[in-house]
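Tertiary structure, described
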Amino acid sequence: MTNELLRIEVLGKCFALPGCAPLWAVRNVDLQIRAGEAIGIVGESGSGKSTLGRLLLGLHDKTEGNVYWRGERLPRSYRRTDFKRWAPHLQMVFQDPYATLNPRFRIGDSIAEPLLLSAGDRTDIKQRVGAALERVGLAASMAERYPHEFSGGQRQRIGLARALIVEPELLVCDEPVSALDVSVQAQIINLLARLRREMNLTLVFISHDLAVVRHLCDRVAVMQGGCIVELAESERLFAAPQHEFTKKLLAARQIADPRRRNNTVT
């Protein structure tokens, strides 16, 4: 694949549960991601979407398979030095921004944390924090406030500012708008689209909202039971899905009355 940024080969993650059989959350995933593209990861709850995203950034150890960044294999189990090396390249935006912000820290300190972890230039941190806030539509002066002083949408912008302050090439977004009001969701999605253009970002966008994925993403991977069962260009997948699970997923989106969903996936 030309301009390949990230390659995943036979990636798997198994969780050992006391008294139970091992649980494979991700199994046999192969995927190539091009520089500058946005790829959506969709599927029902428990399909392995979020686990896959965390595996890409080393937040979970890999049970099997490999992840390659520009041809270089990433560690199977990350140590602190590995996070310091790879944090400037790969960052993540989480579903609940409030849970990822220390309530005792001013947001400026939280946004600056990736600079302290990375091996990049740490000079003029205050100026870089202010620029990061302005990039996501917030005033630089807000750096002195605490997380509880912001709305949900503003906190998600703060999460974006923290992820982008090191100017990564790849951004994994794990359900970044699912906890927000519909009007605020649209603002964050439009912001992501703008930042992608301006910063030439590569996006891995994990979501259950198919309308958002169709609007934002170039390609879509459908996950079921920890595996990717279909991968296609966005418009082609929505116009002519091939896998039965994908058809059911799209049908569930199109039925507004929950009493009519007896034979669909929710």
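Right, let's walk through the structure included here.

Each value, and the rule that gives it
- Residues numbered from 1 in each chain as written.
- Predicted model: local features only at pLDDT ≥ 70, side-chain atom pairs only at ≥ 80, totals over all residues.
- Heavy atoms only, no water.
- Buried < 20%, exposed > 50% of the residue type's maximum accessible area, 1.4 Å probe, protein only.
- Helix = DSSP H or I, 4+ residues; strand = E, 2+ residues; numbered from the N terminus.
- Pairing = 2+ DSSP bridges.
- Core = buried A, V, L, I, M, F, W, Y, C linked by side-chain atoms within 4.5 Å.
- Contact = heavy atoms within 4.5 Å.
- Axes fitted to C-alpha atoms, helices over the stretch in contact; angles between N-to-C directions.
- Parallel < 35°, antiparallel > 145°, perpendicular 65-115°, else oblique.
- Nonpolar A, V, L, I, M, F, W, Y, C, P; charged D, E, K, R; others polar.
- Expected span 1.5 Å × (residues − 1).

Here the focus is the pairing of strand β8 (residues 202-206). Strand residues, when the strand is regular, have side chains that alternate between the two faces of the sheet. The element β8 is largely enclosed, with a buried count of 5 among its 5 residues. As paired strands, strand β3 (residues 38-43) and β8 are joined by 4 bridges and run parallel to one another. Within β8, the position partnered with Ile39 by the bridge is Val204. In the sheet, strand β7 (residues 170-174) pairs with β8 via 5 bridges, with the strands oriented parallel.

What follows concerns the nonpolar core. Within the largest apolar cluster, 50 residues are counted, with the highest numbers of intra-cluster contacts made by Ile111, Leu160, Leu171 and Phe205. Setting aside residues no more than four positions away along its own chain, Ile111 makes contact with Val129, Ala132, Leu133, Ile158, Ala161, Arg162 and Ile165. Counting residues in each nonpolar core, the second largest holds 27 residues, with Ile8, Ile41, Tyr78 and Ala221 among its members.

It is worth spelling out the sheet that holds strand β1 (residues 4-15) at this point. Judged by pairing direction, the sheet is antiparallel, and its 4 strands sit side by side in the order β2-β1-β4-β5 without closing on themselves. What marks the edges here is a single partner per strand, and that holds for β2 (23-34) and β5 (72-73). Bridging between β1 and strand β4 (residues 64-69) involves 5 bridges; their strand directions are antiparallel. If you follow Arg7 over to β4, its bridge partner there is Tyr68.

This paragraph deals with the packing of helix α3 (residues 107-117) against helix α4 (residues 125-135). Axis separation between α3 and α4 bottoms out at 10 Å; the angle between their running directions is 110 degrees. Classified by the angle between their axes, α3 and α4 sit roughly perpendicular to one another. Contacts from Ile107, Gly108, Ile111, Ala112, Leu115 and Leu116 of α3 reach α4 at Ile125, Arg128, Val129, Ala132 and Leu133. Here the residues of the contact of α3 with α4 are counted per class, giving 9 nonpolar, 1 polar and 1 charged.

Turning our attention to the sheet that holds strand β9 (residues 219-224). Ordered by their spatial adjacency, 6 strands build an open sheet running β6-β7-β8-β3-β9-β10, and the pairing between neighbours is mixed. The open sheet terminates on both sides in strands that have one partner only, identified here as β6 (90-93) and β10 (227-233). Ignoring strand direction, the axes of neighbouring strands in this sheet form an average angle of 20 degrees. Packing of helix α5 (residues 152-164) onto the sheet brings it into contact with β6 and β7, and relative to β6 it is tilted by some 175 degrees.

The next point concerns unusual backbone geometry. You will see that Glu175, though not glycine, has its phi angle at about 50 degrees, which is positive. Mapped onto the elements of the fold, Glu175 is located in the loop between β7 and α6 (182-199). In this structure, Asn200 is a non-glycine residue whose phi angle is positive, near 55 degrees. Relative to the helices and strands, Asn200 resides in the loop between α6 and β8.

As a further point, take α5. The end-to-end C-alpha distance of α5 is 18 Å, a good match for the 18 Å that 13 residues give at a rise of 1.5 Å each. Counting buried residues in α5 gives 11 out of 13 residues, a clear majority hidden from the surface. Among the residues making up α5, those that are buried are Gly153, Arg155, Gln156, Arg157, Ile158, Gly159, Leu160, Ala161, Arg162, Ala163 and Leu164. Packing partners of the buried residues in α5 comprise β6, α3, α4, β7 and α6.

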